[in-house]
Amino acid sequence: MPRYIYEVYIYDMFGNIEYFSTSLNVTFNISTPGIHIISIQGDGWYGEGKIQI
């Protein structure tokens with residue numbers, strides 16, 4: 001069975017990395033108010049989204 005590599009990032013609204021994980025099934029406890037960008041990268045694909053706290 002192939003092993004997939006994932007990277008999950010949470011950025012603040014200025015583009016600074018706040019959280020990082022190599023696990024796809026990760027939970028981040030974000031308490032800083034504002035807009036945060038989540039980026040999930042896998043083998044040959046990526047997805048991005050915005051969340052507001």
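Higher on the page you've got the structure.
A short tour of the structure in this document, coming up. (Residues numbered from 1 in each chain as written. Predicted model: local features only at pLDDT ≥ 70, side-chain atom pairs only at ≥ 80, totals over all residues. Heavy atoms only, no water.)

## A word on the overall build of the protein chain
Link 1 in the chain: Of regular secondary structure, the protein chain possesses zero helices and four strands.
Link 2 in the chain: The helix and strand sequence of the protein chain, counted from the amino end, reads β-β-β-β.
Link 3 in the chain: On the principal axes, the C-alpha backbone points of the protein chain span a range of 40 × 20 × 15 Å.
Link 4 in the chain: Across the 53 residues of the protein chain, 23% fall into the buried class.
Link 5 in the chain: For the protein chain, the share of sequence-separated contacts (at least 6 apart) that also reach a separation of at least 24 residues comes to 31%.
Link 6 in the chain: Surface exposure of the protein chain reaches about 4200 Å², of which carbon and sulfur atoms provide 54%. (Helix = DSSP H or I, 4+ residues; strand = E, 2+ residues; numbered from the N terminus. Buried < 20%, exposed > 50% of the residue type's maximum accessible area, 1.4 Å probe, protein only. Contact = heavy atoms within 4.5 Å. Areas by Shrake-Rupley, 256 points an atom, 1.4 Å probe, with all protein chains shown as cover.)

## Side note on the packing of aromatic side chains
Link 1 in the chain: In this structure the tally under the stated criterion is five aromatic pairs.
Link 2 in the chain: Measuring from centroid to centroid gives 5.8 Å for Tyr9 and Tyr11, while their planes differ by 20°, and the two rings are stacked. Per residue, the accessibility class of Tyr9 equals that of Tyr11, and both read buried.
Link 3 in the chain: Aromatic pair Tyr9 and Phe20: ring centres 4.8 Å apart, planes at 45°, arrangement tilted. Of this pair, Tyr9 sits in strand S1 (residues 7-11) while Phe20 sits in strand S2 (residues 17-21), and the two are eleven residues apart along the sequence.
Link 4 in the chain: The class of Tyr9 is buried, set by a relative accessible area of 15%.
Link 5 in the chain: Site record: aromatic cluster; members linked through ring pairs are Tyr4, Tyr6 and Trp45. (Phe/Tyr/Trp six-rings, centres within 6.5 Å; stacked < 30°, edge-to-face > 60°.)

## Overview of the environment of Met13
Link 1 in the chain: By the secondary structure assignment, Met13 is in the loop between S1 and S2.
Link 2 in the chain: Note: C-alpha distance between Met13 and Asn29 (16 residues apart in sequence) is 17 Å.

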